[in-house]
Amino acid sequence: MGYVRTAILLAGMTGLFLAIGYVLGGSGGLVIAFMLALAMNAFAYWNSDKMVLSMYGARQVDRQSAPELYDIVEGLARRAGLPMPKVYLMDNDQPNAFATGRNPENAAVAATTGLLKILSREEIAGVMAHELAHVKNRDTLTMTITATLAGAIGMLANFAMFFGHNRNNPLGFIGTLLVMILAPVAAMLVQMAISRSREYEADRIGAEICGQPLWLSSALGKLQGASERIVNEEAEHNPATAHLFIVNPLHGQNMDKLFSTHPNMENRIHKLEEMATPGGGGRGPIDYDRPRTRPKPRSGGSSVPNAGRAPGRGPWR
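In this report, we go over the structure that sits alongside the text.

Along the backbone of the protein there are 9 helices and 4 strands. When the elements of the protein are put in sequence order from the N terminus, they spell out α-β-α-β-β-β-α-α-α-α-α-α-α. Considering the protein as a whole, with its 317 residues, one finds that 52% of them fall into the buried category. When contacts within the protein are restricted to residue pairs at least 6 apart in sequence, those whose partners lie at least 24 apart make up 72%. When the accessible surface of the protein is split by element, carbon and sulfur atoms take 61% of a total near 14,300 Å².

Formed by 44 residues in total, the largest nonpolar core has its most connected members in Leu69, Leu76, Leu115, Val127 and Met128. A total of 8 residues in this core trace back to one element, the largest contributor, which is helix 4 (residues 121-136). If sequence neighbours within four positions are ignored, Met128 has contacts with Leu69, Ile72, Val73, Leu76, Val109 and Ala111. Grouped together as the second largest cluster of nonpolar side chains are 15 residues, Met13, Ala152, Ile153 and Leu156 included.

Glancing now at helix 9 (residues 265-276). Over its 12 residues, helix 9 extends 17 Å from the first C-alpha to the last, a length consistent with the 16 Å expected when each residue adds 1.5 Å. Listed as buried for helix 9 are Met265, Arg268, Ile269, Leu272, Met275 and Ala276. In an axial view of helix 9, the angular spread of the buried residues amounts to 115°, which keeps them on one side of the axis. Regarding helix 9, its N-cap is Asn264, as a side-chain oxygen of that residue lies 2.9 Å from the backbone nitrogen of Glu266 further along.

Let us now look at the sheet that holds strand 1 (residues 59-61). Reading across from one edge, 1-2-4-3 is the order of the 4 strands in this open sheet, with mixed pairing throughout. What marks the edges here is a single partner per strand, and that holds for strand 1 and strand 3 (97-100). With strand direction ignored, the average angle separating the axes of adjacent strands in the sheet is 30°. Two elements, strand 3 and strand 4 (residues 108-112), share 4 bridges in a ladder whose sense is antiparallel. Bridging across to strand 4, Phe98 finds its partner in Ala110. Of the strands in this sheet, strand 1, strand 2 (86-90) and strand 4 touch helix 2 (residues 67-80), which is tilted by about 140° from strand 2. The strands that helix 4 touches are strand 3 and strand 4; relative to strand 3, the one it contacts most, it runs at about 25°.

Two side chains carrying opposite charge are able to pair once their charged atoms lie near each other. A complete count under the given rule lists 11 salt bridges for this structure. Its salt-bridge partner being Glu123, residue Lys222 comes within 2.9 Å of it at the nearest N-O pair. Of this pair, Lys222 sits in helix 7 (residues 213-229) while Glu123 sits in helix 4, and the two are 99 residues apart along the sequence. With a shortest N-O distance of 2.5 Å, Arg204 and Glu201 are connected by a salt bridge. With Arg204 and Glu201 both in helix 6 (residues 172-210) and 3 residues apart, the pair spans about one turn of that helix.

Calculation rules
Residues numbered from 1 in each chain as written. Predicted model: local features only at pLDDT ≥ 70, side-chain atom pairs only at ≥ 80, totals over all residues. Heavy atoms only, no water. Helix = DSSP H or I, 4+ residues; strand = E, 2+ residues; numbered from the N terminus. Buried < 20%, exposed > 50% of the residue type's maximum accessible area, 1.4 Å probe, protein only. Contact = heavy atoms within 4.5 Å. Areas by Shrake-Rupley, 256 points an atom, 1.4 Å probe, with all protein chains shown as cover. Core = buried A, V, L, I, M, F, W, Y, C linked by side-chain atoms within 4.5 Å. Expected span 1.5 Å × (residues − 1). Arc of directions from axis to C-beta. Polar contact = N/O pair within 3.5 Å; in protein donor to acceptor, adjacent residues only side chain to side chain. Pairing = 2+ DSSP bridges. Axes fitted to C-alpha atoms, helices over the stretch in contact; angles between N-to-C directions. Salt bridge = Lys/Arg side-chain N within 4 Å of Asp/Glu carboxyl O.

Encoded structure:
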């Protein structure tokens, strides 16, 4: 059902974009809007991952430079049946993570140094499983297209006052005014609805990938509290990228409001805890012989947890 809803919302946003073109310029404006949408999405398809990684100063790491993080991602990717994505690290005190890339073969996952400092190995596995779920579901491409269309709608709305008096405008000044006021709001609502829907789905699939829903639920609780205390300067300067992160990197948006890019955290944790109950569908195909309790936070340590542990010994293998 989540995929159907996403498809309907994405189609609605595309229709809104084309409708704006028609309102501003008639049939000619509709054609121009369509060509513009194609061009912008083509550019985003090939370049969005590089742009966002560069925006956050992410550096690619490997087994030598970040052995524990790389080992976690490698084990989870194998378990999910995905190609090994590129792994990036961001020097940022706010604990957070995101995934990007146009398809699983060209995907990347990125985590902040703050995330590696406060989470246990199991919680990190839960977070990275969530990001791999986005890759598996191709949410990275869906959200890139959504963000591109939302940005284009906002751009057209800004141009409405200059081009809205065109004689091809079928609705005249009233149509122009409606476009300027309502179109950006509608686009933002659709973008937020798609983002929230994909986050719930990624939580579910991520819990199945790592096999332990409580690992992710425990991580989410820690990330939410820390993200509210620690400012992510790059995200504050680029709020359009907020939907990429596992928890909202912006301050002042900790509720499941109409304009929030992320679901209410209590709702997400509750759903994961339900998966962990008997019959809840959260048990992975491998029995880890671990009690279903939340992992205890790790105190101190390096920026990469348990860096001295030999590769290949993750419990999700």
